[in-house]
Each structure stands twice: as structure tokens, then as C-alpha cells.
Amino acid sequence: FLIDAGANWNGYAADVSRTLSAGDARFESIVDAVDTAQRSLCAAAYKGVEFTELNEVAHRRVASILAEQDIISCSEEEAVSQGITRTFLPHGLGHLLGLQVHDVGGHQVSPQGALRSPPDAHPALRLTRELQPGFVVTIEPGIYFIPSLLARLEGSKQSSSVNWARVEELRPFGGVRIEDNVLVTEAEARNLTRPALSELGIR
């Protein structure tokens, strides 16, 4: 079950996702692994961090999960460098939040309007800036089983690095996304949404 929701407060937007499992152990272990990775990525969203680099860390974490879950047989480094992780995490790690859910300025790196385009390997990345105090960003890693993307991977030379029997077992679940909203401060990342969800019994 996927919750993808938001709210407006004093004119500012929120954007939160949670994937929940009904208790199927095959899927629950992936949900748990993505949740653990997401918490560590949230904690790393502090002043001075380049979001493009944090996005790369997310792909390394996804590669680790894919290996642990017996979805890939290659090394984690190969999974990232050969683009295998992009099949399972096709979108960027997150985006700015503000007056809009996908707030403007994610590629603007100077007051004069200079832009930094997303890396060629991650064209969907909405945020390419160095994180600064006062930014509010989403951190939303995931692992997805999208038929069209899987078909493309299966037809590629990287196909032999994938345990397709395991993929077929997990394909019906659709995937996992865990998303929180994080305030960047001088010294740390402040998770704005997880404490509120915890009060509702949602981790």
C-alpha cells in the first residue's frame, strides 16, 4: 500500500510517501531496507552537501539493497556505473519544497540565475544545488519494479547481472518509496515529517 500525500501550511507545501506491507516477508524486507537507507540519507542532508553527490550515495545504497535481496549478482559498483540501479530508481532523490510541491530554483546555483543541469546519468534530478540552511527538501529513495524499464534492462547487455526469477517474484508488489521532508540547518538535518507520522503510528 502506497501513501503519497501532502498538505499546505501557511502557504508552504509538504510531500510525503510511505509504502506499507501487509506482512509478506518477501516484500517487507525490502521496505525495511529502503526505510533504513532513507533515514541515513535524511541525516546526511545538511549544510554544504552537494545534492548531486547525495543522489549518488542513494544509488550506492540501492545497489547494496539489490545485492542483499539477491536481485543482482554483479558488484554494487558495477550496478551503479552500468546504470542498473537507474532501472530500479529512475527518478532523482528529491526536490526543493516551498510555495510549490516541486518548488522552483532547483537548478539555479547563483543569484544571477546561473543554472546547473542534472548529470547526464540522472536527467530527472530536480535539485542540483549545494544544500544551504533554510532549504526544505524531500528525501525519497525507492526501489521499483516497472515493467517497461525492466523490459529495457532485460534486453540490454546488463541482463545477465539480474536475477530475473527474483524480479518476477517481486514484480507484483510494484515497488517501495519512503519520503520525508527535511529542513537543512547549519549543523544537521531536521526531519519535519517523520515525528508527525510516528504520532499516527506510521514509522
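Residues numbered from 1 in each chain as written. Predicted model: local features only at pLDDT ≥ 70, side-chain atom pairs only at ≥ 80, totals over all residues. Heavy atoms only, no water.

Observations regarding the layout of surface pockets
Argument step 1. Considered as a void within the structure, the largest pocket measures approximately 410 Å³ in volume.
Argument step 2. Every residue lining the largest pocket is counted, 21 residues in all, and those nearest its centre are Ala14, Val16, Asn181, Leu192 and Thr193.
Argument step 3. The set of elements that each furnish at least two residues to the lining of the largest pocket consists of strand S1 (2-5), strand S3 (12-13), strand S4 (16-19) and helix H7 (194-199).
Argument step 4. Sorting elements by how many residues they give to the lining of the largest pocket places S4 first, with three residues.
Argument step 5. Approximately 320 Å³ is the volume found for the second largest pocket.
Argument step 6. Along its surface, the second largest pocket is lined by 20 residues, and Gly83, Arg86, Thr87, Leu149 and Arg152 are the ones closest to its centre.
Argument step 7. Counting only elements with at least two residues in the lining of the second largest pocket, the list comes to helix H4 (84-88) and helix H5 (147-154).
Argument step 8. The residue makeup of the lining of the second largest pocket, split by class, is nine nonpolar, nine polar and two charged. (1 Å grid on protein atoms, 1.4 Å probe; cavity = no way out; pocket = protein on both sides within 12 Å on 5 of 7 lines; lining within 4 Å. Points joined across faces, edges and corners; volume = space filled by probe spheres on them. Helix = DSSP H or I, 4+ residues; strand = E, 2+ residues; numbered from the N terminus. Nonpolar A, V, L, I, M, F, W, Y, C, P; charged D, E, K, R; others polar.)

Some points on the packing of aromatic side chains
Each aromatic ring pair is specified by the distance between its two centres and by the angle formed by the two planes.
Argument step 1. Enumeration over the complete set of coordinates arrives at two aromatic pairs.
Argument step 2. On the numbers, 4.6 Å between centres and 5° between planes, the contact of phenylalanine 27 with phenylalanine 173 is stacked. Here phenylalanine 27, found in helix H1 (residues 25-43), pairs with phenylalanine 173, found in the loop between helix H6 (164-170) and strand S7 (175-177); they are 146 residues apart in sequence, far enough to count as distant.
Argument step 3. The partly exposed category is assigned to phenylalanine 173, whose relative accessible area is 27%.
Argument step 4. Both rings, one in phenylalanine 88 and one in phenylalanine 145, keep their centres 6.0 Å apart while their planes meet at 75°; by these two values the pair is edge-to-face. Taken together, the residues phenylalanine 88 in helix H4 and phenylalanine 145 in the loop between strand S6 (142-144) and H5 connect sequence positions 57 residues apart. Pair check on accessibility: phenylalanine 88 and phenylalanine 145 agree, each one buried. (Phe/Tyr/Trp six-rings, centres within 6.5 Å; stacked < 30°, edge-to-face > 60°. Buried < 20%, exposed > 50% of the residue type's maximum accessible area, 1.4 Å probe, protein only.)

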